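Residue strings, one per chain:
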Amino acid sequence: CGPQVAARRAQVAAERRRILDALHDLPADAPPSQTNSLWLGAAGLTAPELAARLGRSGVIVAQGGDLGDDTRVRVTVQSGPATDRLLDALRQALG
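Since the structure is predicted, the reported quantities are computational estimates derived from the model, not experimental observations.

Things to note about the sheet that holds strand 3 (residues 62–63)
Ordered by their spatial adjacency, 4 strands build an open sheet running 1-2-4-3, and the pairing between neighbours is antiparallel. Two strands lie at the open edges of the sheet, namely strand 1 (28–29) and strand 3, each paired on one side alone. Bridge analysis of strand 3 against strand 4 (residues 72–76) gives 2 bridges, and the strand direction is antiparallel. Looking across to strand 4, one finds that A62 is bridged to R74. Where helix 1 (residues 3–23) meets the sheet, its contacts fall on strand 1 and strand 2 (37–42), and the angle it forms with strand 2 comes to roughly 15°.

Put into structure tokens, the structure is as follows:
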């Protein structure tokens, strides 16, 4: 693969690890992943509730009901600033 693909793959891996590490301090979890998405759940919230809370902070996620689990949302792993926005929104949504 070319250098751009390798750089993007490394960035996604680093941001995915950052998100997973941050979840240890929140009432939320996501199973390990090798992709650019995470299957995120939050204690006591349905997927529509979590999606709505994150949406109030401008973070858009896919609700899990359409994907087979109404307790989880699919989060796309992107850039460092996008990870910052996601983590801030999660802290606000779950705080």
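Observations concerning the environment of S79
Assignment of secondary structure puts S79 in the loop between strand 4 and helix 3 (80–94). When its relative accessible area of 24% is taken as the criterion, S79 is described as partly exposed. In the structure, S79 is positioned 64 residues away from E15 in sequence and 6.9 Å away in space, judged by C-alpha atoms. When near neighbours in sequence (up to four residues on either side) are disregarded, S79 contacts Q11 and E15.

Parameters at a glance
- Residues numbered from 1 in each chain as written.
- Predicted model: local features only at pLDDT ≥ 70, side-chain atom pairs only at ≥ 80, totals over all residues.
- Heavy atoms only, no water.
- Pairing = 2+ DSSP bridges.
- Helix = DSSP H or I, 4+ residues; strand = E, 2+ residues; numbered from the N terminus.
- Contact = heavy atoms within 4.5 Å.
- Axes fitted to C-alpha atoms, helices over the stretch in contact; angles between N-to-C directions.
- Buried < 20%, exposed > 50% of the residue type's maximum accessible area, 1.4 Å probe, protein only.

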